[in-house]
Amino acid sequence: MQMPPLDPAILARRSEIAAALRAIVPGEGVIDDLDGMRPYECDALSAYRQMPLVVVLPETVPQVSAILRYCQDHKVKVVPRGAGTSLSGGAMPVGDAILLGLGKFNRVLEIDYANRCARVQPGVTNLGITKAVEQEGFYYAPDPSSQIACSIGGNVAENSGGVHCLKYGLTTNNLLGIEMVLMNGEVVRLGGKHLDSEGYDLLGLMTGSEGLLGVVTEVTVRLLRKPSTARAVLLGFPTEAGAADCVAAVIAAGIIPGGMEMMDKDAVKCAEAYVGAGYPLDAEGLLIVELDGPEVEVDHLVARVEEIAKERGATTCRVSRDEQERVLFWAGRKAAFPAVGQITPDYMCLDGSVPRGRLVEVLAEMRQMSKKHGLRVVNVFHAGDGNLHPLILFDANDPSELRRAEEFGADILRLCVRVGGVLTGEHGVGIEKRDLMGEQFSDIDLDQQMRVKCAFDPDHLLNPGKVFPKLRRCAELGRVVVHHNKLPFPDIPRF
Amino acid sequence: MAGTIRPRDAKELRQAVEWALNDGVTLDVRGQGSKLALGKPMHCDQVLDLSGIAGIVDYAPEELVVTLRAGTPLREVEALLAQRNQMLAFEPPDLGPLLGQAAGQGTLVGALMGNLAGPRRLSVGAARDHLLGFSGINGRGEAFKSGGRVMKNVTGYDLSKLAAGSWGTLAVLDEVSVKVLPAPDQTRTLLLLGLPDEVAVKAMGAAMGSSHDVSGAAHVDGRTALRLEGVAPSVEARLKGLRDLLATTDTKMEELATLESRAFWREVRDVMPLKAEADAIVWKISCPPTQGPGVVARIKTQRPTACAFYDWSGGLIWLALPASDDADHLLVRGALGSAGGHATLIRAPKSVRAAVPVFHPQPPALAALAKRVKESFDPERIFNPGRMG
């Protein structure tokens, strides 16, 4: 993975920069010794590691503002970091950039049940929000698999999803407001406890901007009442196509399940061996469909889903009888990644999204690719919204396998784009998919995105080396080329 | 009087923008022009009429997505979706009659450009939450795209969010992909009668905070309406649950069945219940739901003849004020106080809209940022210049 060349002038000023940061954040908040910085050298995309220039852990918004203003004035790059659980290298350090950790912003500031929202600091974990409100029967809907560890600030940066987003939306659909600090140190608030924006929807833009536009210092999220009932249906099919058809038929019947997950035969085998969830080992495709809501509605929809599944040739059809069994049905799915980890030294997790109607074709083509690259692939995915998580099995100690795994992964993502899908459904571009952006976007598309970046960060100091395959200077991007004396296009109808 | 240019496809659209850019021509970008009376009055050199770039490109009901061109009438899209029992869940309003025009006009892309949503905004999100992707022309005359046709997509910046609610000031869209949802089998409404505003907003809050999946909560003329949608047995059970939750010894309740319910919520969506004289000023105020009654009360102490009704559980106030030269903008915005929110001047004579900020003024740092974002798309300010003032 090629990162931008390090600036020797910045590296030479390392101790001066550390001292300047200490003047802003006193005490233990600045870390510049190698052992102290080691925990920050990577995020959850741990194949890539890099020590930062200095780590700074501010505790207040004025400190964040002063740090960014200092970095802007002295042209020092900044990598913001929440809990470091990014799967795409979004929080991976850069050698000539300070690492700005928001971990000390870990307080729930206000819970407003009457307006059904919570105001929290960005370092609060995703699950921490639900924990803070569940005694009153509320929860925060987006539930990425890393929810026990990932921070809400990171969720905003990545627009995190989870298994329930088909029905409840991603982070962007569950946010009401943020406070953020711009690279020039200015503090702005977007949204609040009310709905919609008075001007451009910068809150929507910030969500999923991967830490390239600003540093989030406060988050207001929407709270929902926990559904009174949830049941999971376990459906086994003799073919993957049967399972995929069933997914389409459920949605065509007007049912939006809380979650609808699919696993292929290998994933089922691994998960069953690991957790013993009672999955049918003969199924080529397994679906877990969760229905939630009022009890009568869940009963009604479960019956409909069973009916549809049987019409589509389901050979296993089991409805969770109680909460314990529902959790057990999910346990295998939730443990699928570590379960696969039991049968391979390493695996690479991908994250493309495709139109649901193309699932079967994409799975078949992936098998072909698997043969071509000589590596196994196991599939676990959010079938309801077409978000695939193929796991490529390899051994990182074999350099040829690592290279082949990377090529295989790139081929899968190209396939996703080719069938009308996208490179990443929920993990983000980061460094991982950066160099594939050209598969989905033209240079003009990317230039337009970079111009938006320039509106926030004209010197490209925030989270450099991420998302964009090649950076163009803002001055160059800003130039308008005007061709005077052109014909005023006489062939277009005028009145 | 400005001339009109009416491209027939994306290529002609790009040529038109390129020409405008080269000749320093500003463009009044419109679909059917149904919302021309909304926003800051503009003085453009040319009208860019998108009604010639119309039609459904692709509709995949099982994918929950429809792709269509910018000039496609909203009514046409809704009729198409209804055939497959689907809908635009955000309930784009028809503001035509409120703005002194005929009903049934407007394009879906026009509704997206205003980020306009109806009562279901509360439960399923705004127009912006349903725009999956688009292609269009920026103010440099370049064709670009963002987003896609799939539900889950975090590839690159989410420019769809910026486009929605930009009132055509960032780029001219030629094609959009929009998320659709199954239409509910049944719609029922529980009405609580005679509650004062404060009590009504508390009741709506309790309903929204319950597990009964309320998809509309409005307070209109002493009637507090709670909408339940879905399959019949579920709607029945939730209706009973809501009644039990909200029952007090002296609260009178009534129910509206499916057809009456649909008519009622269509009227709320289109701001019909607002008792506004023909020359009255109309404001749309978004605030934290519990603050709604306080905001209205503060305005009424100064303007006792003001009328208002609430949607979005109290968080949306439609307000009518007697005609004035300044639309009482300081009073209205001042009434929001420190609780946060914003007020948009929806209806006022041109001279009034020219004189006062139509969109809620932003703090300087935010306004400067928004200006830089505008310039990143349209550096020469050729698209709808000044409309969002």
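Residues numbered from 1 in each chain as written. Chains lettered and ligands numbered in written order. Predicted model: local features only at pLDDT ≥ 70, side-chain atom pairs only at ≥ 80, totals over all residues.

**Let's talk about the overall build of chain A**
For chain A, the helix and strand inventory stands at 18 helices and 18 strands. For 495 residues, the compact-globule formula gives about 23 Å, and the C-alpha radius of gyration of chain A, at 24 Å, lands near that figure. Across its three principal directions, the C-alpha atoms of chain A cover 70 × 65 × 60 Å. Of all 495 residues assigned to chain A, the portion counted as buried reaches 56%. For chain A, the proportion of contacts with a sequence separation of at least 24, taken over those separated by at least 6, is 72%. (Helix = DSSP H or I, 4+ residues; strand = E, 2+ residues; numbered from the N terminus. Rg over C-alpha atoms; globule rule 2.2 N^0.38 Å. Buried ≥ 20, exposed ≤ 12 C-beta atoms within 10 Å, placed from the backbone. Contact = placed C-beta atoms within 7 Å.)

**Some points on the overall build of chain B**
Regarding its fold elements, chain B presents 12 helices and 18 strands. Over its C-alpha trace chain B gives a radius of gyration of 21 Å, about what one expects of a compact globule, namely 21 Å for 389 residues. Summarising its shape, the C-alpha atoms of chain B cover approximately 70 × 50 × 35 Å along the three principal directions. Residues counted as buried form 59% of the 389 residues belonging to chain B. Long-range pairs, those at least 24 residues apart, make up 71% of the contacts in chain B with a sequence separation of at least 6.

**Some words on the domain arrangement of chain A**
Residue and element names in this part refer to chain A. Once the domains are mapped, chain A shows domain 1 (1-226), domain 2 (229-338) and domain 3 (344-428). The C-alpha-based centres of domain 1 and domain 2 are spaced at 35 Å. The interface is formed by five residues belonging to domain 1 together with seven residues belonging to domain 2. Residues that form the side of domain 1 that touches domain 2 fall into these classes: two nonpolar, two polar and one charged. (Domains from an automatic or database assignment. Nonpolar A, V, L, I, M, F, W, Y, C, P; charged D, E, K, R; others polar.)

**Remarks on unusual backbone geometry**
Residues and elements named next belong to chain B. A positive phi angle is found at leucine 64, which is not glycine, with a value near 60 degrees. For leucine 64, the position within the fold is in the loop between strand E4 (56-60) and strand E5 (65-69). On the basis of neighbour counts, which here come to 23 C-beta atoms within 10 Å, the residue leucine 64 falls in the buried class. Not every positive phi belongs to a glycine, and asparagine 115 is a case in point at roughly 45 degrees.

**Regarding the sheet that holds strand E13 (residues 259-264) of chain A**
In a beta sheet, neighbouring strands pair by backbone hydrogen bonds and run either parallel or antiparallel. Residues and elements named next belong to chain A. Spatially, seven strands are ordered E15-E12-E14-E13-E17-E18-E16 in an open sheet, and the strand pairing comes out antiparallel. The sheet is open, and its two borders are formed by strand E15 (316-319) and strand E16 (346-349), each paired with just one other strand. Across the sheet, the axes of successive neighbouring strands diverge by a mean angle of 15 degrees, strand direction being ignored. Both E13 and strand E14 (residues 285-293) contribute to a ladder of six bridges, which runs antiparallel. Each bridged residue has a counterpart across the sheet, and for aspartate 264 the counterpart in E14 is glycine 285. Against the sheet, helix H15 (residues 399-418) contacts E16 and strand E18 (387-394), and its axis sits at roughly 160 degrees relative to E18. (Pairing = 2+ DSSP bridges. Axes fitted to C-alpha atoms, helices over the stretch in contact; angles between N-to-C directions.)

**Notes on the packing of helix H9 (residues 240-252) of chain A against helix H14 (residues 359-373) of chain A**
All names here are of chain A. Contact geometry of H9 with H14 gives a least axis separation of 9 Å together with a crossing angle of 150 degrees. When the interaxial angle is binned, H9 and H14 end up roughly antiparallel. Crossing hand, H9 versus H14: right-handed. Contact residues: Glu240, Ala241 and Ala244 in H9; Leu359, Val360 and Leu363 in H14. Among the residues making up the contact of H9 with H14, the classes are represented as five nonpolar, no polar and one charged. (Parallel < 35°, antiparallel > 145°, perpendicular 65-115°, else oblique. Left-handed = near helix turned anticlockwise from the far one by under 90°.)

**Overview of the confidence of the model for chain B**
Of all residues in chain B, 100% have pLDDT values of 70 or greater, and the mean over the chain is 96. Complex prediction metrics read pTM 0.96 and ipTM 0.97. (pLDDT = per-residue confidence, 0-100.)

**Side note on the domain arrangement of chain B**
All names here are of chain B. According to the domain assignment, chain B consists of domain 1 (1-183 + 359-389), domain 2 (191-253) and domain 3 (281-358). Distance between the C-alpha centres of domain 1 and domain 3: 26 Å. Between domain 1 and domain 3, the residue contacts involve 14 residues of the former and 15 residues of the latter. Among the residues forming the side of domain 1 that touches domain 3, the class breakdown is nine nonpolar, three polar and two charged.

**Points about the sheet that holds strand E6 (residues 117-120) of chain A**
All names here are of chain A. Strand order in the open sheet formed by five strands is E5-E6-E10-E8-E9, and the pairing between neighbours is antiparallel. Because the sheet does not close on itself, it has two edges, and the strands there are strand E5 (108-112) and strand E9 (187-191). In this sheet, neighbouring strand axes are inclined to one another by 10 degrees on average, regardless of whether the strands run parallel or antiparallel. Looking at chain direction, strand E8 (residues 175-181) and strand E10 (residues 215-222) are connected through six bridges and run antiparallel. Residue glutamate 179 lies in a different strand from E10, and its bridge partner there is glutamate 218. On top of the sheet, helix H5 (residues 126-133) reaches E5, E6 and E10; it is set at about 125 degrees to E6, its chief contact.

**Here's the deal with the packing of H14 of chain A against H15 of chain A**
All names here are of chain A. At a closest axis distance of 10 Å, the pairing of H14 and H15 adopts a crossing angle of 155 degrees. Between H14 and H15, the interaxial angle falls into the category roughly antiparallel. Remark: the crossing between H14 and H15 carries right-handed chirality. Of the residues in H15, those in contact with Val362, Glu365, Met366, Met369 and His373 of H14 are Arg404, Glu407, Phe408, Asp411, Ile412 and Leu415.

**Examining the pairing of strand E8 (residues 143-147) of chain B**
Moving residue by residue along a regular strand, the side chains alternate between the two faces of the sheet. All names here are of chain B. Within E8, four of the five residues are buried, which leaves the element mostly enclosed by the surrounding structure. Relative to E8, strand E7 (residues 131-138) runs antiparallel, the two being bridged by five bridges. Bridge pairing links phenylalanine 134 to serine 146 in E8. If you look at the hairpin formed by E7 and E8, you'll find four residues sitting between the two strands, and glycine 141 has a positive phi there, around 75 degrees.

**Observations concerning the nonpolar core**
Ranked by internal contacts, the top residues of the largest apolar core, which has 205 residues, are Ile98, Val221, Cys246, Val247, Leu287, Val289 and Ile392 of chain A. If you tally residues by element for this core, the top one is H9 of chain A, at seven residues. Other than its neighbours up to four places away in sequence, valine 221 of chain A contacts Cys117, Ala118, Ile129, Tyr140, Ile152, Asn174, Leu175 and Leu176 of chain A. In terms of nonpolar packing, the next biggest core, distinct from the first, is built from 59 residues, Val201, Cys287, Val296 and Leu321 of chain B among them. (Core = buried A, V, L, I, M, F, W, Y, C linked by C-beta atoms within 7 Å.)

**With respect to helix H11 (residues 295-311) of chain A**
Here H11 of chain A is 17 residues long and its end C-alpha atoms lie 24 Å apart, about the 24 Å a rise of 1.5 Å per residue gives. Of the residues making up H11 of chain A, those classed as buried are Glu297, Val298, His300, Leu301, Val302, Val305, Ile308 and Ala309 of chain A. Those residues of H11 of chain A that are buried are in contact with strand E12 (229-237), H9, E14 and E15 of chain A together with strand E13 (223-230) and helix H7 (232-246) of chain B. Looking one or two residues past H11 of chain A, glycine 313 of chain A carries a phi angle of roughly 85 degrees, positive in sign. (Expected span 1.5 Å × (residues − 1).)

**Concerning the interface of chain B and chain A**
Listed as interface residues are 85 residues of chain B and, on the opposing side, 86 residues of chain A. Taken together, the elements giving at least two residues each to the side of chain B that touches chain A come down to strand E1 (3-5), helix H1 (10-23), E8, helix H5 (159-163), strand E10 (181-182), helix H6 (197-208), H7 and helix H12 (364-377) of chain B. Class assignment of the residues belonging to the side of chain B that touches chain A gives a composition of 35 nonpolar, 30 polar and 20 charged.

**Digging into the environment of alanine 336 of chain A**
Mapped onto the secondary structure, alanine 336 of chain A falls in helix H13 (residues 336-341). Each C-alpha atom, one on alanine 336 of chain A and one on arginine 321 of chain A, is 23 Å from the other, the two residues being 15 residues apart in sequence.

**Focus on the pairing of strand E15 (residues 281-286) of chain B**
All names here are of chain B. The element E15 is largely enclosed, with a buried count of six among its six residues. Where burial is concerned, the two faces of E15 agree: the one with Ile281, Trp283 and Ile285 and the one with Val282, Lys284 and Ser286 are both buried. In terms of strand pairing, E15 meets strand E17 (residues 316-321) through six bridges, oriented antiparallel. Considered in E17, the bridge of tryptophan 283 is made with leucine 319. Both E15 and strand E18 (residues 342-347) contribute to a ladder of five bridges, which runs antiparallel.

**A short note on helix H12 (residues 323-334) of chain A**
Residues and elements named next belong to chain A. Taking 1.5 Å per residue as the helical rise, H12 with its 12 residues ought to reach 16 Å, and the 16 Å between its terminal C-alpha atoms agrees with that figure. When H12 is considered as a whole, its buried residues turn out to be Arg326, Phe329, Trp330, Gly332 and Arg333. Projection of H12 onto a plane perpendicular to its axis shows the buried side chains occupying an angular sector of 150 degrees, all on one side. Seen from the open side of H12, the exposed residues pointing more than 90 degrees away from its buried face are Glu323 and Gln324. Residues of H12 that are buried sit in contact with E12, E13, helix H10 (265-275), E14 and H13. (Arc of directions from axis to C-beta.)

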